[in-house]
Amino acid sequence: MGLLATRLLAEKGVHVVGGIARSEAKRGVDLGTMAGLDPMGVPVDTDAARVLASVRPDVVMLATASFMPEIYDQLALCIDAGANVLTISEETFYPWNTSPALAAQIDRLAKAHGVTVTGGGHQDSFWIHQVSALMGAAHRIDSVHGSATWNADEYGTDVVASKHVGETLEEFERSSTRDDAPPTYGRNVLGALAQASSLTPVTWESTVRPVIVDHDRPSQVLGRTLAAGAVIGYADVDTMTTAEGPVFTFEMAGYVFGEGESDKNEWSISGEPDLYLHNGVVPSYTTTCTQWVNRVPDVINARPGLVTVDEMPPLAYRALPLHRYVHDGKLD
Ligand SMILES: NC(=O)c1ccc[n+]([C@@H]2O[C@H](COP(=O)([O-])OP(=O)(O)OC[C@H]3O[C@@H](n4cnc5c(N)ncnc54)[C@H](OP(=O)(O)O)[C@@H]3O)[C@@H](O)[C@H]2O)c1
C-alpha cells in the first residue's frame, strides 16, 4: 500500500520527504526505486523518530498494522513530532466503538499538539460516503445490508496472516473465537455509518464464517498452494441495531481469490423505497490508495484531534496538485 501511495502522491505533486520501514534489508534503499519509480533521493530508514525529527512532515501516511493497540505508539510518535496522520489502519477508521479509551487518548494528544489523526482507505467512499448518499435518498429505512469481498492475496503477508489463510478449520475455530480476537473491520464501518446518519447504535453482534474450497488454490503472497480444505480467508458478519429503528448488516469477506473472481461491493436498503448500490468490479487494492491519497488535503485542513471521515465531506477528485486544496496557511 505504501509503495503504490508513494507513486500516487508523487504524481499529485506531493513532496515525499521520508520513508520508514521495519526490516533492515530496506534501510538505505531509495523509496522511489523501491516503488518502481526514478530515484527520489529519499532513503528508507528504520528509525521512525529520527526520520520524523529530521524531515518534519506535514502528514504521515501510516500503513503498518490494522488495530489501535498495535499502532498506538506509532500514532503517538507522529503526533509528538507535530505531524498530521492519515492511516489505513482499519480500526482507526472509526475506533470510538471498539477502542474508545485509546481513541480518546489519541484525540487528546492530537488536540494538544494541534494535529489531526484520520483513518481512511477503501472504506471511505465505498462503505461510508456512497452508502450514506444512498440512505439520503430514502424516506424510511427498515434495514441496510452490505456485502463486500476483497482478494487477501493482493496485500502483504501480515494481511494474509490476519485472515487466517492456510490454517486448518480447527486452527481457525480456535484462533477466531479467542477472547482477545481483534474487532471486525465491519464494526468500525457500521459505527461510522451510524454516526454519519445521526443514528444511535443499541446492540452489536459479530460472527465469523471461514472460507474453504474443495480444491487446491495457489496463493501468490504465500508463494505456495493451499491444499483443498484449508482456510483461505473468512467473512465477518456484523449486525447493528439502532434506537431509531434501522438495522444494519455488513458481510465482509477477505480471502484468496481463484481465477475469474473479483472484488465486489453491494448494498441494499429496505424501506420506502427499496434502494440498491452495486459497484460492479471493484479494484479495492487501487481504490484503497487512491482514496487514501485524495483524503490528504482534508486531513491537513481538519480541526485538531481524532477526526473520522464521517465528519468530512465525500471524497473529491483531485485534478490539481494536492497542495492546491489545502487552506491558506496550513502548509506554512
Ligand atoms: N483501510 C483499508 O482500506 C486497507 C486496505 C488495505 C490494507 N490495509 C491495512 O494496511 C496495512 C498495510 O497493508 P499492506 O498490504 O501494505 O501490508 P504490507 O505489505 O505487509 O506492508 C506493511 C508495511 O509496514 C511496515 N511496517 C510494519 N510494522 C512496522 C513498524 N513497526 N515500523 C516501521 N514499519 C513497519 C512494513 O515494513 P517491512 O516490510 O520492513 O516489515 C511494510 O513496509 C495493513 O494493516 C492492512 O490491513 C487497509
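Residues numbered from 1 in each chain as written. Predicted model: local features only at pLDDT ≥ 70, side-chain atom pairs only at ≥ 80, totals over all residues. Heavy atoms only, no water.

Engineer: Looking at this model, I keep getting lost on the packing of aromatic side chains. Mind explaining?
Structural biologist: Both the distance between ring centres and the angle between the ring planes are used here to describe each pair of aromatic rings. Enumeration according to the criterion identifies 7 aromatic pairs in this entry. Judged by centre distance (6.0 Å) and plane angle (40 degrees), the rings of Phe67 and Tyr185 are tilted. Of the two residues, Phe67 is situated in the loop between strand 3 (59-62) and helix 4 (68-80) and Tyr185 in helix 9 (residues 185-196); the sequence distance between them amounts to 118 residues. The pair formed by Phe67 and Tyr185 is uniform in burial state, with each residue classed as buried. Between the aromatic rings of Tyr255 and Phe257, the centroid separation amounts to 4.8 Å while the plane-to-plane angle is 50 degrees, which identifies the pairing as tilted. Assessed through its relative accessible area of 12%, Tyr255 is described here as buried. One aromatic cluster in this structure is built from Trp127, Phe250 and Trp267. The positively charged end of Lys163 is found above the aromatic ring belonging to Tyr234, 3.7 Å away from the centroid. The side chain of Arg318 reaches across the aromatic face of Tyr325, ending 4.8 Å from its centre. (Phe/Tyr/Trp six-rings, centres within 6.5 Å; stacked < 30°, edge-to-face > 60°. Helix = DSSP H or I, 4+ residues; strand = E, 2+ residues; numbered from the N terminus. Buried < 20%, exposed > 50% of the residue type's maximum accessible area, 1.4 Å probe, protein only. Lys NZ or Arg CZ within 6 Å of the ring centre and 35° of its normal.)

Engineer: Would you mind going over the domain arrangement of the chain with me for this structure?
Structural biologist: Interface size, as often reported, equals the accessible area lost upon joining of the parts. Looking at the chain, the domain boundaries give domain 1 (2-120 + 295-325) and domain 2 (137-282). Taking only C-alpha atoms, the centre of domain 1 and the centre of domain 2 are 25 Å apart. Summing the contributions of domain 1 and of domain 2, the shared interface buries around 1,100 Å²; its carbon and sulfur component is 61%. When the buried surface of domain 1 facing domain 2 is broken down by residue, Phe67, Tyr94 and Asn97 rank first, second and third, together holding 44% of it. (Domains from an automatic or database assignment. Buried area = accessible area lost by both parts, 1.4 Å probe.)

Engineer: I would appreciate a short explanation of the pairing of strand 3 in the present structure.
Structural biologist: Walk down a regular strand and you will see the side chains alternate between the two sheet faces. Bridge count between strand 3 and strand 4 (residues 84-87): 4 bridges; the pairing is parallel. Residue pairing across strands places Leu62 opposite Thr87, the latter belonging to strand 4. Following the backbone out of strand 3, through helix 4 and into the adjacent parallel strand 4, one traces a crossover that is right-handed. (Pairing = 2+ DSSP bridges. Right-handed = clockwise from strand over helix to strand, strands pointing away.)

Engineer: What am I meant to see in the site of the ligand here?
Structural biologist: Lining the immediate environment of the ligand, one finds 20 residues, of which Arg22, Ser23, Lys26, Glu90 and His122 sit closest. Here an oxygen atom of the ligand sits 2.5 Å away from a polar atom, N or O, in the side chain of Lys26. A distance of 2.9 Å separates a nitrogen atom of the ligand from a polar atom in the side chain of Gln123. Of the residues contributing to the shell around the ligand, the split by class is 7 nonpolar, 10 polar and 3 charged. (Near = heavy atom within 4 Å. Polar contact = N/O pair within 3.5 Å; in protein donor to acceptor, adjacent residues only side chain to side chain. Nonpolar A, V, L, I, M, F, W, Y, C, P; charged D, E, K, R; others polar.)

Engineer: Please clarify how the packing of helix 6 (residues 123-135) against helix 9 should be interpreted in this entry.
Structural biologist: Running from N to C, helix 6 and helix 9 point in directions that differ by 35 degrees, and their axes come no closer than 10 Å. You can see that helix 6 and helix 9 cross each other, and the crossing is right-handed. Two secondary-structure elements touch here, helix 6 through Gln123, Trp127, Ile128, Val131, Ser132 and Met135 and helix 9 through Val189, Ala192, Leu193 and Ala196. Residue composition of the contact of helix 6 with helix 9, by class: 8 nonpolar, 2 polar and no charged. (Axes fitted to C-alpha atoms, helices over the stretch in contact; angles between N-to-C directions. Left-handed = near helix turned anticlockwise from the far one by under 90°. Contact = heavy atoms within 4.5 Å.)

Engineer: I keep staring at helix 6 and nothing clicks. Help me out?
Structural biologist: Because an α-helix packs 3.6 residues into every turn, residues spaced three or four apart end up facing the same way. Along its length, helix 6 reaches its greatest deviation from straightness, about 25 degrees, at His129. Most of helix 6 is tucked away: 10 of the 13 residues are buried. For helix 6, the elements touching its buried residues are strand 6 (140-151), helix 9, strand 11 (247-255), strand 12 (264-272), strand 13 (275-278) and helix 10 (284-294). (Bend = angle between axes of the 7 residues up to and from the residue.)

Engineer: Can you walk me through unusual backbone geometry in this structure?
Structural biologist: In most cases, non-glycine residues show a negative phi, while peptide bonds are predominantly trans. Cis geometry is found at the peptide bond from Glu272 to Pro273, where omega equals -5 degrees. Residues other than glycine seldom take positive phi values, yet Arg56 does so here, at roughly 45 degrees. Residue position: Arg56 is located in the loop between helix 3 (48-55) and strand 3. The class of Arg56 is exposed, set by a relative accessible area of 52%.

Engineer: What exactly am I supposed to notice about helix 9 here?
Structural biologist: For helix 9, which comprises 12 residues, the first-to-last C-alpha distance of 17 Å matches the rise-based estimate of 16 Å (1.5 Å per residue) to within 8%. Taken across its 12 residues, helix 9 has 9 buried, putting it largely inside the fold. Along helix 9, the residues that are buried comprise Tyr185, Gly186, Asn188, Val189, Leu190, Gly191, Ala192, Leu193 and Ala194. One or two steps after helix 9, the chain reaches Ser198, where phi turns positive at roughly 55 degrees. (Expected span 1.5 Å × (residues − 1).)

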